[in-house]
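Summary of the model geometry
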Amino acid sequence: MPGPRAHDLLWVSGLPDDASLPAWADAAWLQAAPLVVRRARTAPGRIPVGLRGMLRSERHACEVDAAAVVRRVTPEMLARLAHPPPSGFDCTALDALRRVAPLLDATGWAWGPTGGVGFALASGLPVLRADSDLDLVLRIAAPPDAAQAEALRAIAATVTSSITACRLDLQIDTGHGGFAYAEWAAGRGRVLLKTERGPVLTAAPWELP
């Protein structure tokens, strides 16, 4: 397995070495709640992560030592839980995930849930709400051909137009950055590619910035 990538979930021994941790990120919470790998440049042996709490307003960025990681869960691992999600989970985003999972599997690309859905599936913590978004990442290393682009449109339509419609945030991970599928599908010519060095506005997101 490659090293930690954006959207991976990590559990670490001890607390992140950040003197300014918010009050909600106490030892009890961090024992249960994973840290989310984010895109940022760090020193060797360090991993940029984000902490999240029960509320949308509870977010905090920091770093951890790679040696402190005791468990790692990737979005691709969580994709296996989408057929169907574990009992006890129920919200519109998870209903949409059940519907779209076979379409995602059929593309042949690696994919998985991220955001609140991925966090809940990995941790079992009750962070989802009735109006939670469905966040997904698709690992696509080269520009899709016409048939693959149509498959992506079908996936987006299934989430946003079905009986279990919800807001979809589909991120395309090219291997050296990530961008929102909705921006690319809109055909405006350029997308905002998020990289370790910061965001780049580009018309060629699959080319190394």
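The coordinates are above.
Read on for a plain summary of the structure. Just so you know, these numbers come straight off a predicted model, no measurement behind them. (Residues numbered from 1 in each chain as written. Predicted model: local features only at pLDDT ≥ 70, side-chain atom pairs only at ≥ 80, totals over all residues. Heavy atoms only, no water.)

**Considerations on the sheet that holds strand 2 (residues 35–37)**
Sheet architecture is open: five strands sit in the order 4-3-2-1-5, paired in antiparallel fashion. The outermost strands of the open sheet, each flanked by one partner alone, are strand 4 (59–65) and strand 5 (69–73). Within the sheet, the average angular offset between the axes of one strand and its neighbour, ignoring direction, is 40 degrees. Looking at chain direction, strand 1 (residues 9–12) and strand 5 are connected through four bridges and run antiparallel. Bridge assignment links Leu9 to a residue of strand 5, and that residue is Val73. (Pairing = 2+ DSSP bridges. Helix = DSSP H or I, 4+ residues; strand = E, 2+ residues; numbered from the N terminus. Axes fitted to C-alpha atoms, helices over the stretch in contact; angles between N-to-C directions.)

**Describing empty space enclosed by the protein**
Throughout the structure, instances matching the rule amount to one cavity of 30 Å³ or more. Of the voids in this model, the largest cavity is the one considered here, and its volume is about 40 Å³. Taken together, Leu10, Trp11, Val12, Gly14, Pro16, Leu30, Ala33 and Leu35 make up the full set of residues lining the largest cavity. If one sorts the elements of the lining of the largest cavity by residue count, strand 1 sits on top with three residues. Classifying every residue of the lining of the largest cavity by side-chain character gives seven nonpolar, one polar and no charged. (1 Å grid on protein atoms, 1.4 Å probe; cavity = no way out; pocket = protein on both sides within 12 Å on 5 of 7 lines; lining within 4 Å. Points joined across faces, edges and corners; volume = space filled by probe spheres on them. Nonpolar A, V, L, I, M, F, W, Y, C, P; charged D, E, K, R; others polar.)

**Regarding the environment of Ala61**
With respect to the helices and strands, Ala61 occurs in strand 4. Note: C-alpha distance between Ala61 and Thr42 (19 residues apart in sequence) is 12 Å.

**Regarding the layout of surface pockets**
Computed from the structure, the largest pocket encloses a volume of approximately 700 Å³. Every element with two or more residues in the lining of the largest pocket is listed here: strand 2, helix 4 (115–123), strand 8 (168–173), strand 10 (191–195) and strand 11 (198–202). No other element matches helix 4, which puts five residues into the lining of the largest pocket. Of the residues assigned to the lining of the largest pocket, the class counts are 10 nonpolar, nine polar and 10 charged. By volume, the second largest pocket amounts to about 440 Å³. Residue lining of the second largest pocket: 25 residues in total, with Pro4, Arg5, Ala6, Arg39 and Glu196 positioned closest to the centre. Top element by residues in the lining of the second largest pocket is strand 3 (residues 46–52). It accounts for three residues. In terms of residue class, the lining of the second largest pocket is built from 10 nonpolar, six polar and nine charged.

**Focus on the nonpolar core**
Core analysis: the largest hydrophobic core is formed by 35 residues, its most contacted members being Leu97, Leu134, Leu136 and Leu138. Listed by contribution, the elements that provide at least two residues to this core are strand 1, helix 2 (75–79), helix 3 (92–107), helix 4, strand 7 (134–139), helix 5 (146–161), strand 8 and strand 10. Element by element, the count of residues in this core is highest for helix 3, at seven residues. Ranked by size, the runner-up nonpolar core spans 18 residues in total, among them Ala25, Leu35, Ala68 and Val127. (Core = buried A, V, L, I, M, F, W, Y, C linked by side-chain atoms within 4.5 Å. Buried < 20%, exposed > 50% of the residue type's maximum accessible area, 1.4 Å probe, protein only.)

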